[in-house]
Amino acid sequence: MAVRATVARFPIDPGAQDGSGLPWGVTVTPFAEKDENGQGPEYGSEGDLLPRCENCWGYFNTYCELEQWSWTCSLCGTLNGLSSKAIARYSRPDSCPEMMSSFVDLELPEEENEEEATQARPVYVAAVDLSSSEEFLELTKSALLAALEALGPGSLFGLATFSHKLGLYDVQGPIPVVKNVIIPPDVEGTLPIELEDVMPLLQFLAPVETCKDRIASALETLRPTTSWERTTAAGQGMDGILMGGRGFGVAMEALFNYLGSEYGSTFALARVFAFLSGPPDYGAGQLDTRRYGEQYASKGEDADRALLPEQTPFYKDLAAVAVQAGVCVDIFAVTNEYTDLASLKFLSIDSGGSIFFYSNTDDSTLPQDMYRMLSRPYAFGCILRLRTSSEFKPGNSYGHFFPDPQYENVQHIICCDSYATYAYDFEFANNVGFSRHGSELPTLQIAFQYTVVVPPAELSNSESGSATRAKHSLKRRLRIRTLQFGAAQNVNELYDSVDPEVVLSLLVHKVILASLEQGVREGRMLLNDWLVILTAQYNDAYKLVQYKNGSSVTGQVDVAFSQCPQLQPLPRLVFALLRNPLLRFHEEGVHPDYRIYLQCLFSALEPSSLHRAVYPVLMSYSTPDKQAYPRHSLSRAALITSGSPIFFLDAFTTLVVFYSSTADPALPYPPTHDCLLRTSINKLKQDRCITPKLIFIRGGQDDATVFENYLIEEQDVDGSGLTSVMGFVSFLEDISRGVLEYLK
């Protein structure tokens, strides 16, 4: 569980918090194996015996004062008695994880009976769009073959297809058999028959280890529905007008109800992979994509604002059905037409899944993403709870979860991998703030309860015998991390303790929220104003700018934060965020689906990854085996002055290797597989939650636009291309003017 705070020393009181101009909060990556310093937890059992405070329900931890018969809660200060079991337990502190570390991971006892083991089989269902092209289906087949390789023994797999009909495959016989149900075209329609009556669920879900070849044969039979079939289904056969036929909404609802009947008896979590080649345009849940083509400008409407909210609550409601049925949905959209991910996204983000978006089939990394996603460990049925000491409290929470309807600051996460990150901001509970003498330090406790599926091989050897060997089992665990922070005595201490990457994370969450509610323009203004206010507060704190008689200024505005190294990256990060497609205008050619995809991706990334996605890392090499310089600013000037022949740019989703036009022709191109540059690239790809696209460019010979577009510092901040005044420099001048206005 990695936890990173925007400031390592918390503001002492509300005045210090407001006066600093900084966001105050943390990011939490609960299922990360190690903490932010690379340390793992102390593992143990009997998590149910861990003492809890009778006032705030916080868990006993190393920061609590322990007496012979009692303990004092480090969060609220309440004195609690100890049970006789706990007294005996704490007489041997070396055997108790919670006495040895403030980061523990404890097993909880199984509540159910012994039959629980049979319920633990992981279930995966692929739902494939047949209202598509041959290329789309070829890519989907490759992805599913990769998925079958990644799935562990004991997994069950079902193959379904959708168009104007829903197809269920039975692959357990000698040849694959498909049974189809026609989807009604009307918006209110549902399937006329239960899927259980079409094919019993256990006939549909096939064991992967015995049916892998048959599943592969079934995939080979997938063909796109012809335009004739689709137009006839839509009742437009005579005119030959193509009316679509992608009954995605009805298909999903039927599959969730189908699977939900066995939730808790056949499986503990089912994952549905939805492969989409365009917008749902048939039956219930169909989306009107004409809104993308409308001329918003002529109506005086903001296109960026109009295309970000969902047009129907259908998929948000459907996500609630998925959650009830124990289903997590991953959407793989491979399309260059407007698909309205703004409406569809809830299906995946509310159910703990991911959205993957590819604009074409040619260079799509879908098979690699699929394999990577299924190869990494994940937890499910998770509950995340954040508690604080009494002086402060959580404000907003951000991330792909759904809040508990009853309890505050409790979030439910259906499915959580080791990369998924959530964020919280804090506010003071009163005007007093923290103690100035450091007797009681600001304390934070994060509890994460989760379930993992343990494959048969990892169970104890005592459970031998063929009957029990193939069983998976469920393990419920409780992971707790308690942290204490210092309080900054003055604003300089606060500024010196800033973590700019975490500040960026919280800013991105706030800006996404603002742009969803009020449009992209509003999100940009919020970000710009924030930097102006922070710069003004910093200049004021360091007494760099002073006003005489309310008008004349003494001193120069320091927009580069030259006296505080921790704040120096922030202007560049804000500038880069304003240049990012997340916040660029519709008229600059930013596809609304791509913007939604970035919102979903960025709001789940841990801070270091987000930093690369917003302001890519550019490094140079003198040869493929020798790094020249680890970090350059993103400008042409940096390239020219460095004089290096090879540049490597890491923009998180894309990796670019660029050989300058003056590079020695004797240098191997592309770099060989055993060189330092390639080894570094492979390591980066391995540690990433998605598969980055790798591009090689030879300057002077290949089109270098992809690489040059990342050199943002010479671009104008509002997208009007290259300006006579250099982009980042003029942006800082603008901020400087804003600061003077603000301080007047």
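A few points on the structure. All values reported here derive from a predicted model rather than from experimental measurement.

### A word on the environment of Arg291
Next up, step 1: Mapped onto the secondary structure, Arg291 falls in helix H10 (residues 290-293).
Next up, step 2: Taking the relative accessible area as the measure of exposure, Arg291 reaches 12% and is therefore buried.

### Overview of the layout of surface pockets
Next up, step 1: For the largest pocket, the calculated volume is near 1400 Å³.
Next up, step 2: The wall of the largest pocket is formed by 50 residues, among which Pro581, Tyr594, Thr653, Thr654 and Tyr710 lie closest to the centre.
Next up, step 3: Broken down by secondary-structure element, the contributors of at least two residues to the lining of the largest pocket are strand E16 (355-358), helix H20 (569-579), helix H21 (592-602), helix H22 (607-614), strand E31 (693-698) and helix H25 (705-709).
Next up, step 4: Top element by residues in the lining of the largest pocket is H21. It accounts for five residues.
Next up, step 5: For the lining of the largest pocket, a count of residues per class yields 25 nonpolar, 16 polar and nine charged.
Next up, step 6: One number sums up the size of the second largest pocket: a volume of about 850 Å³.
Next up, step 7: Pro377, Tyr378, Val452, Val453 and Pro455 are the residues nearest the centre of the second largest pocket, which is lined by 28 residues in total.
Next up, step 8: Breaking the lining of the second largest pocket down by element, the ones donating at least two residues are strand E8 (103-107), helix H15 (366-375), strand E22 (443-454) and strand E23 (473-484).
Next up, step 9: Ranked by residues supplied to the lining of the second largest pocket, first place goes to E22 with four residues.
Next up, step 10: Of the residues in the lining of the second largest pocket, the class split is 15 nonpolar, five polar and eight charged.

### A look at the packing of helix H14 (residues 341-349) against H21
Next up, step 1: Relative to each other, H14 and H21 sit at 25°, their axes nearing to 10 Å. With respect to each other, H14 and H21 are oriented roughly parallel. Along this stretch, H14 crosses H21, giving a crossing that reads as right-handed. Taken together, the residues of H21 that come into contact with H14 (itself represented by Leu341, Ala342, Lys345 and Ile349) are Asp593, Ile596, Gln599 and Cys600.
Next up, step 2: Each residue belonging to the contact of H14 with H21 can be placed in one class, and the counts come to five nonpolar, one polar and two charged.

### Quick look at the packing of aromatic side chains
Next up, step 1: Here the structure, examined in full by the defined rule, presents 36 aromatic pairs.
Next up, step 2: Aromatic pair Phe332 and Phe356: ring centres 4.9 Å apart, planes at 10°, arrangement stacked. With a gap of 24 residues between them, Phe332 in strand E15 (residues 327-334) and Phe356 in strand E16 connect regions that are remote in the sequence.
Next up, step 3: Overall, the relative accessible area of 0% leaves Phe332 in the buried class.
Next up, step 4: An aromatic cluster of three or more residues is present, and its members are Phe10, Trp24, Phe392, Phe426, Phe428, Phe434 and Phe485.
Next up, step 5: Across from the ring centre of Tyr378, 4.8 Å away, lies the NZ or CZ of Arg271, which sits over that ring.
Next up, step 6: The aromatic ring of Phe585 is capped on one face by Arg521, whose charged end is 4.4 Å from the ring centroid.

Definitions and limits used
- Residues numbered from 1 in each chain as written.
- Predicted model: local features only at pLDDT ≥ 70, side-chain atom pairs only at ≥ 80, totals over all residues.
- Heavy atoms only, no water.
- Helix = DSSP H or I, 4+ residues; strand = E, 2+ residues; numbered from the N terminus.
- Buried < 20%, exposed > 50% of the residue type's maximum accessible area, 1.4 Å probe, protein only.
- 1 Å grid on protein atoms, 1.4 Å probe; cavity = no way out; pocket = protein on both sides within 12 Å on 5 of 7 lines; lining within 4 Å.
- Points joined across faces, edges and corners; volume = space filled by probe spheres on them.
- Nonpolar A, V, L, I, M, F, W, Y, C, P; charged D, E, K, R; others polar.
- Axes fitted to C-alpha atoms, helices over the stretch in contact; angles between N-to-C directions.
- Parallel < 35°, antiparallel > 145°, perpendicular 65-115°, else oblique.
- Left-handed = near helix turned anticlockwise from the far one by under 90°.
- Contact = heavy atoms within 4.5 Å.
- Phe/Tyr/Trp six-rings, centres within 6.5 Å; stacked < 30°, edge-to-face > 60°.
- Lys NZ or Arg CZ within 6 Å of the ring centre and 35° of its normal.

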